[in-house]
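Below are the chains, spelled out letter by letter.
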Amino acid sequence: MSDTKKFIDHTLYEYQFIAYGQLGISLTHPFIDALDAFNQQEKIDYIQIKRDGIQATQYVGIIQTDMGTVNILPKIDSTISINSEQTATRNLITMLCYAYDMPLIAQHNANLNTHQGSWFEVLTAFFAQTLYEQLRQGIEQVYVTIEERQPTLKGRWLIGQQLSKYPHLRHTFDTRYDDFLPDTPLNQVLRYAVEALLPMARLPENQRLLAEIQTLLHHVSLPHHITTQDLDHVFFTRLNERFYPAFQLARLFIESMTQVMQSGQSPLKAFIFDMNVLFERFVAQFLKRHWHRIAGKSHRQFDIQAQMQGTRAIHLAQRQDGLSVFKLKPDLLLRDNLHQVVVIMDTKYKRLDDKKTDLAVSESDIYQMLAYAGRLNCKRVLLLYPSNSGQVVDNQFSIHDSDVKIDIRTINIHQPLHNTENLIQDFRYLFASYLR
């Protein structure tokens with residue numbers, strides 16, 4: 001079989017390099033061309049294409065064309081698990097479940113397969129099963145006011161409108177009436193996700209369920225594109241809150257989805273997550289979900305606040321005309337029972353180096369933290385990084401001519417995350433000094 005006809009199906013870990021020889025292809029393989037087109041369209045090197053091989057970056061997910069698939073998983077410490085791919089798959093699913101406020105499904109799925117893209121198939125299965133169960137109970141419908149011209153009288157006759165615009169038409173009626181229809185923003189989002197997943201699903205059961213859902217939603221219009229703003233405009237009440245888990249999964253797929261069209265070839269489709277963003281969301285949601293256990297009974301009145309939710313936006317400065325500028329948005333704030341800020345916390349998905357005097361901490365990150373500390377009148381700041389191969393960093397920078405202290409700490413997210421007890425203990429130890 002020629003090089004250009006070989007189908008690629010491979011798993012990489014973030015920042016891992018693999019030579020073309022190991023893949024059994026050359027630089028001229030169509031799948032490499034597709035990856036290059038993907039990078040160029042998005043103006044981001046999701047996978048670095050080098051002369052002798054490809055290398056993953058800080059992005060994880062799945063990239064699929066008719067010539068091949070590459071599955072990129074989070075880094076895993078090789079010492080913690082014999083089956084690192086299965087552990088990495090579980091970890092990605094667990095992080096996504098927290099980041100998108102979904103039930104923890106990884107810990108209930110003991111039979112996770114290790115075939116390529118299994119995390120994608122597991123989440124697709126959960127989405128399809130959850131949505132199908134709810135649609136069988138009934139599709140969401142709302143009353144919509146419709147104005148149209150028709151041969152029979154239905155609803156209210158807009159006689160004034162008809163006489164002023166169409167006095168010569170006597171065999172039709174201009175009418176207005178309310179109809180109970182399923183073409184709602186929520187259903188449009190769900191159908192959009194189904195249509196995107198159906199061509200990529202490989203498991204027959206997933207294909208079957210998605211096809212059945214497609215039939216159930218055939219009366220719902222299919223948007224050409226859905227933005228984050230469109231997703232934010234979907235509201236939930238007690239009448240449709242049962243669709244929330246399926247909607248959150250649809251949001252996950254839609255926000256991470258991209259497509260590259262190539263002339264004469266099938267499109268490249270990808271679901272990609274930036275580990276910088278995923279790490280930030282995961283830490284915030286994990287702390288919010290387990291805070292009472294982390295803080296303990298004596299400090300349960302302390303509150304974790306993600307990105308200053310529920311408060312007015314604050315800015316670093318203002319112009320001469322009084323307009324506020326330079327919005328401040330720390331990842332997390334820990335407040336005491338008097339609502340005073342005890343510690344400002346920011347997550348940074350970067351590698352530390354304890355052999356360097358500055359630990360490889362970015363100067364811009366330090367200046368950012370000083371701006372937070374001064375504006376929020378808080379002397380304690382925590383920069384939290386993922387540990388590297390079990391590396392534990394517990395250091396502190398004392399700022400000259402200031403009472404501000406910036407703690408540099410790490411947390412191990414390269415362990416099996418579906419076992420929440422270990423991570424709860426790690427966070428309990430990390431926050432102990434701030435809770436005294």
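Residues numbered from 1 in each chain as written. Predicted model: local features only at pLDDT ≥ 70, side-chain atom pairs only at ≥ 80, totals over all residues. Heavy atoms only, no water.

1. Points about the side chain of H290
The test is simple: Elements are defined by DSSP. Helices are runs of H or I of four residues or more, strands are runs of E of two residues or more, and each kind is numbered from the N terminus. Residue contacts follow a heavy-atom distance rule, with two residues in contact if any of their heavy atoms lie within 4.5 Å.
Within the secondary structure layout, H290 lies in helix α10 (residues 275–295). Setting aside its immediate chain neighbours within four residues, H290 contacts Y98, T420 and I424.

2. Re the environment of I408
Within the element layout of this structure, I408 appears in strand β19 (residues 405–411). Taking the C-alpha atoms as reference, I408 lies 7.7 Å from F397; in sequence the two are eleven residues apart. The residues contacting I408, other than those within four sequence positions of it, are L352, L359, V361, L383, Y385, V393, D394, N395 and F397.

3. Brief notes about the sheet that holds strand β5 (residues 59–65)
Here is the rule we go by: Strand pairing is defined by DSSP finding a minimum of two bridges between the two strands. In this analysis, axes come from line fits to C-alpha atoms, helices being fitted only over the stretch in contact, and the angle between any two N-to-C directions falls in the range 0 to 180 degrees.
Pairing within the open sheet is mixed, and its five strands lie in the order β1-β6-β5-β11-β10. Lying at the two open borders of the sheet, with one neighbouring strand each, are β1 (8–13) and β10 (257–260). Looking at each pair of strands side by side, their axes are set apart by 15° on average, direction ignored. With six bridges joining them, β5 and strand β11 (residues 268–274) adopt antiparallel strand pairing. Residue Q64 lies in a different strand from β11, and its bridge partner there is K269. Sheet strands touched by helix α2 (residues 30–42): β1, β5, β6 (68–73), β10 and β11. Its angle to β10, the strand with the most contacts, is close to 115°.

4. Observations regarding the packing of helix α4 (residues 118–137) against helix α7 (residues 204–216)
Rule in force here: Handedness of a crossing is defined here by the sense of rotation of the near helix relative to the far one, left-handed for an anticlockwise turn of less than a right angle and right-handed for a clockwise turn. Gly is put with the polar residues, along with every residue not named as nonpolar or charged; the nonpolar set is Ala, Val, Leu, Ile, Met, Phe, Trp, Tyr, Cys and Pro, and the charged set is Asp, Glu, Lys and Arg.
For the pair α4 and α7, interaxial distance at closest approach is 9 Å and the crossing angle is 40°. Crossing of α4 against α7: the hand is left-handed. Where α4 approaches α7, its residues E121, T124, A125, F127, A128, Q129, L131, Y132 and L135 are matched on the opposing element by N206, L209, L210, E212, I213 and L216. When grouped by side-chain class, the residues that make up the contact of α4 with α7 number ten nonpolar, three polar and two charged.

5. Side note on the pattern of salt bridges
Cut-off, in case you're wondering: Counted as salt bridges are all cases of a side-chain nitrogen of Lys or Arg within 4 Å of a carboxyl oxygen of Asp or Glu. Any residue under 20% of the maximum accessible area for its type is buried, any over 50% is exposed, and the rest in between are partly exposed; the area is computed with a 1.4 Å probe on protein chains only.
All chains considered together, the criterion is met by 15 salt bridges. Between E205 and R208 there is a salt bridge, with the nearest N and O atoms lying 2.6 Å from each other. Taken as a pair, E205 and R208 lie in helix α7 at a separation of three residues, close to a single helical turn. The exposure class assigned to E205 is partly exposed, which follows from its relative accessible area of 40%. Among the residues examined, R208 registers a relative accessible area of 38% and is labelled partly exposed. A salt bridge links R409 to D394; its shortest N-O distance comes to 3.3 Å. With R409 in strand β19 and D394 in strand β18 (residues 394–398), this pair connects stretches of sequence that are 15 residues apart. For R409, a relative accessible area of 7% puts it in the buried group. Judged by relative accessible area, which is 47%, D394 ranks as partly exposed.

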